[in-house]
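Residue strings, one per chain:
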Amino acid sequence: NDFPEINKLLAVLFADDTTIILNSPNNHLLKNHANSKLNESSEWFTNNELTLNALKTRVIHYNNKDPPELKIENTNISTTIM
């Protein structure tokens, strides 16, 4: 599976689950980077005849600040703050 290499991501792959790990000291930069990587990931899934279900996608935000609003193809992703 070339998903992590193609998208230059730290990713954990297990069966049909994919976990992407991103970090940034700045919420604005995190939002831009994460949304960009989510769009690249969605494109990779489509090109490889796979489905990325935005409604089943979850974000865990490890910070006490407001989490960035993340989207896949204009669908908001549910966020949990830890």
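On a predicted model such as this, the values are computed, not experimentally measured, just so you know.

A. View of the packing of aromatic side chains. Counted according to the given criterion, the structure contains three aromatic pairs. Here Trp44 and Phe45 contribute two aromatic rings whose centre-to-centre distance is 5.4 Å and whose plane-to-plane angle is 80°, an arrangement assigned as edge-to-face. The class for Trp44 is buried, based on a relative accessible area of 11%. Residue classification places Phe45 among the buried residues on the basis of a relative accessible area of 11%. Three or more aromatic residues link up through ring pairs in this structure, and these residues are Phe3, Trp44 and Phe45.

B. Representation of unusual backbone geometry. Residue Ala15 is not a glycine yet carries a positive backbone phi of 50°. Within the secondary structure, Ala15 sits in the loop between strand S1 (10–14) and strand S2 (17–21). Classification of Ala15 by relative accessible area gives exposed; the value is 78%. Of note, Glu49 is a non-glycine position whose phi angle comes to about 55°, a positive value. Within the fold, Glu49 resides in the loop between helix H2 (27–47) and strand S3 (58–61). You can call Glu49 exposed: its relative accessible area is 77%.

C. Spatial organisation of the nonpolar core. Formed by Ala34, Leu38, Ala54, Val59, Leu70, Ile72 and Ile77, the largest nonpolar core amounts to seven residues. Every residue in contact with Leu38, bar those within four places of it in the chain, is listed here: Leu52, Leu70, Lys71, Ile72 and Ile77. Counting residues in each nonpolar core, the second largest holds five residues, with Phe3, Ala11, Trp44 and Phe45 among its members.

D. Geometry of the pattern of salt bridges. The final tally for this structure, using the stated rule, is two salt bridges. The closest approach of N and O atoms between Glu40 and Lys37, which form a salt bridge, is 3.2 Å. Of this pair, Glu40 and Lys37 both sit in helix H2, three residues apart, which is roughly one turn of that helix. Residue class for Glu40 comes out partly exposed when judged on its relative accessible area of 31%. Note that Glu69 is salt-bridged to Lys71, the shortest N-O span being 3.6 Å. In this structure Glu69 comes out as partly exposed when scored by relative accessible area, which is 45%. Note on Lys71: relative accessible area 30%, which makes it partly exposed.

Rules behind the numbers
Residues numbered from 1 in each chain as written. Predicted model: local features only at pLDDT ≥ 70, side-chain atom pairs only at ≥ 80, totals over all residues. Heavy atoms only, no water. Phe/Tyr/Trp six-rings, centres within 6.5 Å; stacked < 30°, edge-to-face > 60°. Buried < 20%, exposed > 50% of the residue type's maximum accessible area, 1.4 Å probe, protein only. Helix = DSSP H or I, 4+ residues; strand = E, 2+ residues; numbered from the N terminus. Core = buried A, V, L, I, M, F, W, Y, C linked by side-chain atoms within 4.5 Å. Contact = heavy atoms within 4.5 Å. Salt bridge = Lys/Arg side-chain N within 4 Å of Asp/Glu carboxyl O.

Interpretation note: all reported values are geometric properties and have no functional meaning in isolation.
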